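Structural features, examined
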Amino acid sequence: FICQSLLGQRISDMPKIFKGDYTTNNHGEGLETISFNVQKTKEEATIYLFPIAKEIITKYKDIQFKYYNLLEEDEDRINYLERVINNDIKQVCQKAGLTAEINYTVQIGGEVKSERKQLYQLMHTHIARHTFITLMCKMGVPKDVVIIATAHTDITMINDVYLHETANDK
């Protein structure tokens, strides 16, 4: 989850990263990026390797996800494992004390409504992708660069869905 927050990738692409299925680009002065085609869109993502992300990838390379084999071929099994991972993330967050009540907006189809839950109940793997995008934009990284890392084709999804620039950023 931490590595995902530093790389901005979907959980489905993390096993590929830990397997080393990417091209490494050394730009000098410690600047290193990796590039690979993401599973969902087949677009190429190019991502700066923060030192801590590189350390995590190196540590877990070839170990993969010890309890979660997301390289399975069976899509039903992968969906089940993603639900297990999300449940485990919620449990860790609850134990870490992320129990504050949060007001949030949910949209299902054309219906928009406000709901309230404890923060840990809202945590899941895709939050890491939202976190990455928000952090990069807050650090001043241009959205045109962020879409390269996240393999989006334009900034629409970043503006409309992923970017959270409010006083309640977590």
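The residue count restarts for each chain, going from 1 along the sequence in the order it is written. Only residues with pLDDT of at least 70 are given local features in this predicted model, and only at 80 or more are side-chain atom pairs given and counted; all residues enter the totals for whole chains, interfaces and linings. The side-chain figures draw on all heavy atoms in the structure; neither hydrogens nor water molecules are used.

1. Section: the overall build of the chain
Short version of the rule: Working definition: helices are DSSP H or I runs of at least four residues, strands are E runs of at least two. Numbering for both runs from the N terminus. Radius of gyration means the value over C-alpha atoms here, while the globule rule gives 2.2 Å times the residue count to the 0.38 power. Between buried and exposed lies partly exposed: a residue is buried under 20% and exposed over 50% of the maximum accessible area for its type, with that area taken using a 1.4 Å probe on protein chains only. We get accessible surface area from the Shrake-Rupley algorithm with a probe of 1.4 Å; when it comes to residues, only the shown protein chains can shield them. Positive charges are assigned to Lys and Arg, negative charges to Asp and Glu, while His and the chain termini are left out of the count. Charge coordinates come from a single atom per side chain, which is NZ of Lys, CZ of Arg, CG of Asp or CD of Glu.
What the chain contains, in helices and strands, is seven helices and five strands. The order of α-helices and β-strands along the chain, N terminus first, is α-α-β-β-β-α-α-β-β-α-α-α. Whereas a compact globule of 170 residues would reach a radius of gyration of roughly 15 Å, the chain reaches 17 Å, a difference of no more than 12%. Projecting the C-alpha coordinates of the chain onto the three principal axes gives extents of approximately 45 × 35 × 30 Å. Counting the 170 residues in the chain, one finds 38% classified as buried. Accessible area for the chain stands at about 10500 Å²; split by element, carbon and sulfur atoms hold 51% of it. The chain carries 20 positive and 23 negative side-chain charges, and their two centres are separated by 6 Å.

2. A closer look at the nonpolar core
This is how it is decided: In this text, buried Ala, Val, Leu, Ile, Met, Phe, Trp, Tyr and Cys residues form a nonpolar core when linked through side-chain atoms within 4.5 Å. Should any heavy atoms of two residues lie within 4.5 Å, those residues are counted as being in contact.
Counting 38 residues, the largest nonpolar core has Cys 3, Leu 7 and Ile 133 as its most contacted members. Looking at which element gives the most residues to this core, the answer is helix H5 (residues 125–138), with four residues. Setting aside residues no more than four positions away along its own chain, Cys 3 makes contact with Met 14, Phe 18, Ala 53, Ile 56 and Ile 57.

3. Let's talk about the packing of H5 against helix H6 (residues 143–150)
We count it as follows: Axis definition: a line fitted to C-alpha atoms, over the contacting stretch in the case of helices. Angles run 0 to 180 degrees between N-to-C directions. In this scheme, roughly parallel covers angles under 35 degrees and roughly antiparallel covers those over 145, while 65 to 115 is roughly perpendicular and the rest are oblique. When the near helix sits turned anticlockwise from the far one by under a right angle, the crossing is termed left-handed; a clockwise turn instead gives a right-handed crossing. All amino acids are sorted into three groups, where Ala, Val, Leu, Ile, Met, Phe, Trp, Tyr, Cys and Pro are nonpolar, Asp, Glu, Lys and Arg are charged, and the leftover types, Gly among them, are polar.
Close contact between H5 and H6 brings their axes to 10 Å; oriented N to C, the two are set at 155 degrees. Considering the angle they form, H5 stands roughly antiparallel to H6. For H5 against H6, the interelement crossing comes out right-handed. The residues of H6 that touch H5, namely those facing Arg 129, Phe 132, Ile 133, Met 136 and Cys 137, are Lys 143, Val 146, Ala 149 and Thr 150. Looking at the contact of H5 with H6 residue by residue, the classes come out as six nonpolar, one polar and two charged.

4. What about the side chain of Thr 150?
Take Thr 150: it is sitting in helix H6. The class for Thr 150 is buried, based on a relative accessible area of 0%. Excluding its chain neighbours within four sequence positions, the residues that come into contact with Thr 150 are Gly 8, Gln 9, Arg 10, Arg 129, Phe 132 and Ile 133.

5. Let's talk about the packing of aromatic side chains
Any aromatic ring pair is given by two values, namely how distant the centres are and how the planes are angled relative to each other. Where we set the bar: Here a Phe, Tyr or Trp ring, Trp counted by its six-membered ring, pairs with any other such ring whose centre lies within 6.5 Å, and the pair is stacked when the planes are under 30 degrees apart, edge-to-face when over 60, and tilted otherwise.
Under the counting rule described, the total for this entry stands at two aromatic pairs. Where Phe 18 meets Tyr 60, the ring centres are 6.5 Å apart and the plane angle is 90 degrees; that geometry is what we call edge-to-face. With Phe 18 in helix H2 (residues 14–19) and Tyr 60 in helix H3 (residues 51–60), this pair connects stretches of sequence that are 42 residues apart. For Tyr 60, a relative accessible area of 34% puts it in the partly exposed group. Taking 4.9 Å as the distance between ring centres and 80 degrees as the angle between the ring planes, the aromatic pair formed by Tyr 48 and Phe 50 counts as edge-to-face. Overall, Tyr 48 belongs to the partly exposed group, its relative accessible area being 32%. Given a relative accessible area of 19%, Phe 50 falls into the buried group.

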